[in-house]
Amino acid sequence: MGTMTIWIIAVFLTLGASVALLRPLLRKQETSVDAAAFDREVYKDQLEELERDEARGLISGKEATEARAEIGRRLLKADAQLRAQTVKASSTSPRVIAGAAVLAVPLVSWGLYADLGSPSAPDQPLAMRMQKNPTENTIDELVARAEEHLRKNPSDATGWEVLGPIYMRLGRFDESADAWRNLIRLKGENANRLNGLGEALGAGAQGIVAGPSLAAFEKALELDPANEKSRFFVAVGAAQAGRLDEARTAWTRLSEDAAPDSPWRQAALRAIEESRNAPAVAAAEAPGPTAEDMANASQMSAADRQSMIAGMVDRLAGKLKDNPDDEQGWQRLIRAYAVMGRKEDAAAALASAREAFAGKPDALARLDGFAASVGIADGAQASPAAPGPTAEDVANASQMSATDRQSMIEGMVDRLAGKLKDNPDDEQGWQRLIRAYAVMGRKDDATAALTEALAAFDGKPDESGRITAFAASLGIEPAAKTD
Amino acid sequence: MVEIGHFALVLALAVGLVQSVLPIYGARTGDERLMGMAAPAAVTVFALVTISFVALIQAYVTSDFSVLNVVENSHSAKPLIYKISGTWGNHEGSMLLWVFILSLFGALVALFGGNLPSSLRATVIAVQGWIGTAFFLFILFTSNPFIRVASPPVEGQDLNPILQDIGLAIHPPLLYLGYVGFSVSFAFAVAALIDGRVDAAWARWVRPWTLAAWIFLTAGIAMGSYWAYYELGWGGFWFWDPVENASFMPWLAGTALLHSAIVMEKRSALKIWTILLSIITFSFSLLGTFLVRSGVLTSVHAFATDPSRGVFILMILMVFIGGSLALFAWRAGTLTAGGLFQPISREGALVLNNLFLTTAAATVLIGTLYPLLLESVTGEKISVGAPFFNLTFGPLMLPLLLAVPFGPLLAWKRGDLFAAGQRLVAAFAVALAAVAVVLLFVDRTALLAALGAGLAFWLLAGSLTDLALKAGIGKVSAPVMLRRLRGLPGSAFGTAIAHFGLGVTLLGIVSVTAFQTENILTMAKGDTLPVAGYTLRFDETVPVQGPNYTADEARFSLVNAAGKKIAGISSAKRMYTARRMPTTEAGIHTFIFSQLYVSLGDPASNGGMVVRIWYKPLVTLIWIGGLVMMFGGIVSLADRRLRIGAPARSAKGTEAAATGGRA
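Since this is a predicted model, take the numbers as computed values, not measurements. (Residues numbered from 1 in each chain as written. Chains lettered and ligands numbered in written order. Predicted model: local features only at pLDDT ≥ 70, side-chain atom pairs only at ≥ 80, totals over all residues. Heavy atoms only, no water.)

## Description of the environment of Gly407(B)
Residue and element names in this part refer to chain B. Quick note on the threshold: Counting from the N terminus, the helices are the DSSP runs of H or I reaching at least four residues and the strands are the DSSP runs of E reaching at least two. With a 1.4 Å probe rolled over the protein chains alone, any residue whose accessible area is under 20% of its type maximum counts as buried; one over 50% counts as exposed, and the rest are partly exposed. In what follows, a contact means two residues having at least one pair of non-hydrogen atoms within 4.5 Å.
Position of glycine 407 among the secondary structure elements: in the loop between α15 (386–403) and α16 (417–423). Under the relative-accessibility criterion, glycine 407 is labelled buried at 12%. A C-alpha to C-alpha distance of 21 Å links glycine 407 and leucine 507, two positions 100 residues apart in sequence. Each residue touching glycine 407, except ones within four places of it in the same chain, is listed here: Arg346 and Ala349.

This is how it looks when you write it as structure tokens:
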């Protein structure tokens, strides 16, 4: 049902209601029947009932006589009342009052609905969503469709093959592992499938490559000794188990064997670097969505991909606002931002997470370790050292076009600017906005944002001082005052 | 369709505002046309709320996850019936059901109110409009079920699994029909107070509406009790839980109102008391809604941290309860008192009934609210459970139940207690016999149970005595008796049937409380247990896949003394996948009035299952009694006496009325 139809129906409903209310007013004024006349009806009915009861023998003759006398007295009283009363003259012009009231009906209803309703939101019955053109489906809907298809045809290997990486991308690690297992059950083992399984299991175990996860990578390596991904993760497993030398050796060999443009070469080099800087266990990371997964995602339309990413991340961020104790959730959010190349957001998320876990050194250490592993440090500058493909690698591999990325970032920045307009007290938000504009080269916008921010914090020297200093660090100066 | 529903609800608020103001203004100024707007306004509001309610149901049925309320309370794999019942299985939807039923009653008053004086009708409908407007505002601003989600998920969070049950699908509508039905008597009471006069038609109207609400409330409570019995897996039928008490208080007050309305209708006495009772009864209904809906019961703390809803309901409570009681205090003096009667009379008996029922309601109120008050003041959490209620409620009920058979036998105005006692000798003998039978043949030590059974039979035999006497037993021949019985008014039958139902329920309660047997044991495959003269055998455990749950179903066979299997019983533990919530499904085998109840516990270490097995003698009588009471209410409601005509309307109204013409 289109928006137009809804308004048309609303017009008819309003009209119908108003006419129903107005009709009594159009009638000729009737004389009112006095209430005493109604009382008489009741008393007469009571007398009849009394006779029936007496005839049935339900009450004795004496009781009936008494009751009859009592009702008779009431009847006489009502009669007297009727005679005493003259017909009431009605008030002069109720039509004006009533007319005004009826006019209020459309005003109140349309005004309130404009505020509360979402007239442009169409109905979205599930069945309809599942049947529309797949290019118009969101990623969630596509997954649901694939799931429904697989419920009916559980031995469709292609379906599981598509779903495995997508689940991984959506953070549904257990389901991803199940999908890979199903695929392996149907089509047998190969390195790629085992890698997928190992990765899903590892992610499900908060990034620890051990037990079944490590076993899957090792099996993959057995089947394909040259597989770079398997090699990389087996080494991660070794590092996490404390065998740093062994891991470093494996990474070094991997970096030598791999083609120069292979993401795994970069990843291995960074892992070596990281293993020198930090204890291996602290660097234990959840493997982010990998190049492959992003490549899979990139086979969807650009619009799907965008809505998929933005929707997922926004949901997660919203959840964490309500429930900031979810350490794993913060890790997922940071990873998501990092993978999308939104390093500033990732850093901001890390900062929020650190705030949420202030006073819990264990959790803070884990968060820092994790963030470092995906190339995010608590601050504006991202740490370059991280095992695993970084956001840049991913962005390259995903063949996301430059314009796509640009529009995605612009959308994000616009949203932020809009939010700040409603909620100008968000100091961090202003800093993020200024930084975003500065990074994107929109210096004028950055300056304008700084001016706005300073106006918002007028009279708060601490905040405005911090913002000015922050902007200065990005080369943004307040606009010269024109007075 | 969703947005149409939302718009219709907003429009209903706008029309409700007109309904609240113009008719009563017309009634005060004597303007027939403004009063005439009451009925179309009420009917319009009903039509609009219906559209709105249907739109929400449609969103549930089609799993439209662009509606937040559907996302939070539905799941595409849920069976259709629970998709529909999910509409009112949550706060927002149930509030929409509440106003839907309220507007239904408003429309019914409008449609059937032709025989009411127009100013009374206009005022009553306007008062209903006030309640409706308050709830429309509450829904639209704190509990809007039509809020949309920008990017709809593909799956909902499912309805709380313990609500996915046929019992709870129909329990809320029945309960609300009861709660909201009392709004009609409330509106009549407020209208009488505003008018400063009680029309003769007042009691004739209030009694059937109260009766209708009472029937639904009885059904709702009985349904809720049976649901708790089989779904929660504890095998109890009443827990004195605050949620149950919330519905029990209006029932007690409503039962009192039902009886005082009889006095008012028959004798024009107890007018002021009946008006007060109407206010109290609906206040209990509002309080019940508040207790269950504000979240105050789950946690006083949670209520204090997110108070927007609770505070709104609290304001509604204060305005309607406080306002109507203040109005009563101010205006009650202007009402004229009615007929006089002796203490020993039908009226006196009904006053006694009222005293006990209202005291009982107050007892329940204290037991329900005291823990809440204590928690909000001192932070201490206590629960007032069965011991408190057994000590207070029980002793209050005992004299009331003893007196029940006397009431209908006493004459109006002046009764003869001794004569009534003489006529009840047979019933008393039956009760004594019941006591003796229990002591001699069931359990020699169960004196209390025997007395309880005696009381139950006293009620049963007493109500039959009432009918027999009305038919003229001992005075006329059998064919005449039969004819007279057939000629009895519906209300006489209704009274006897409802009192009989009370006895039936009491018998069930006494029997289960005193004589149920409980076994808790670990059973492995093939184990047997002798129970109630049969043998229960544990056959197997099988996994079952439901539409939106998986279950482990344990199957038992019931074997009689000859070794023949007479029934299979299966009891299950379900796991609802969406919410990861387990439920127990008790296995119940019914032998007419008694039941064998099998509930699964956890798997034992030796591979068996912990199983709780109850034999509950005569347990179904508890709910059958409720059905009988309801049936009594329906028979009474069908009484022709409740229909009266209206004086004809003409240009010379008074003249026509004087000739007594009927419309």
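After presenting the structure, the write-up continues.
## Brief notes about the nonpolar core
Residues and elements named next belong to chain B. Here is the rule: By nonpolar core is meant a set of buried Ala, Val, Leu, Ile, Met, Phe, Trp, Tyr and Cys residues that side-chain atoms within 4.5 Å join together.
Judged by nonpolar contacts, the single largest core of 165 residues is most densely connected at Met37, Trp98, Phe135, Phe188, Trp202, Leu252 and Ile275. When near neighbours in sequence (up to four residues on either side) are disregarded, tryptophan 202 contacts Phe188, Ala189, Ala192, Met264, Thr274, Ile275 and Ser278. In terms of nonpolar packing, the next biggest core, distinct from the first, is built from 26 residues, Ala349, Ala431, Ala456 and Val510 among them.

## Focus on the interface of chain A and chain B
Our working rule: Once two parts are put together, the accessible area they lose, assessed with a 1.4 Å probe and summed over both, is termed the buried area. Definition used for salt bridges: Asp or Glu carboxyl oxygen within 4 Å of a side-chain nitrogen of Lys or Arg. We define a polar contact as two N or O atoms separated by no more than 3.5 Å, with the added condition that, inside protein, one atom must be a possible hydrogen donor and the other a possible acceptor, whereas residues neighbouring each other in sequence contribute only through side-chain atom pairs. Polar here means any residue other than Ala, Val, Leu, Ile, Met, Phe, Trp, Tyr, Cys and Pro, which are nonpolar, and Asp, Glu, Lys and Arg, which are charged; Gly is therefore polar.
On the side of chain B, 82 residues touch chain A, which itself brings 72 residues to the contact. Counting each side, the surface lost to burial between chain A and chain B is near 6,600 Å², with a carbon and sulfur contribution of 60%. Of all residues in chain A, Leu21(A), Phe38(A) and Glu41(A) give up the largest surface area on contact with chain B, accounting jointly for 10% of the area buried on that side. Note that Lys266(B) is salt-bridged to Glu49(A), the shortest N-O span being 3.0 Å. Linking chain A with chain B are 13 residue pairs in polar contact (both at pLDDT 80 or more). Elements represented by at least two residues in the side of chain A that touches chain B include exactly α1 (3–26), α2 (35–56), α3 (61–84), α4 (94–116), α5 (126–131) and α6 (139–152) of chain A. By residue class, the composition of the side of chain A that touches chain B is 37 nonpolar, 13 polar and 22 charged.

## As for the side chain of Ser183(B)
Within the secondary structure, Ser183(B) is located in helix α8 (residues 166–195). Discounting residues that sit within four places of it in the chain, Ser183(B) has contacts with Leu102(B), Gln128(B), Ile131(B) and Phe282(B).

## Description of the UniProt feature "repeat: TPR" (unreviewed entry) in chain A
Which entries qualify depends on this criterion: UniProt positions are given in the numbering used here, feature names are shortened, and annotations may be inferred rather than shown by experiment.
Sequence positions flagged by UniProt for "repeat: TPR" (unreviewed entry) are, in local numbering, residues 157–190 of chain A. Note that residues 157–190 of chain A is 82% helix and 0% strand, and that its end C-alpha atoms are spaced 14 Å apart.

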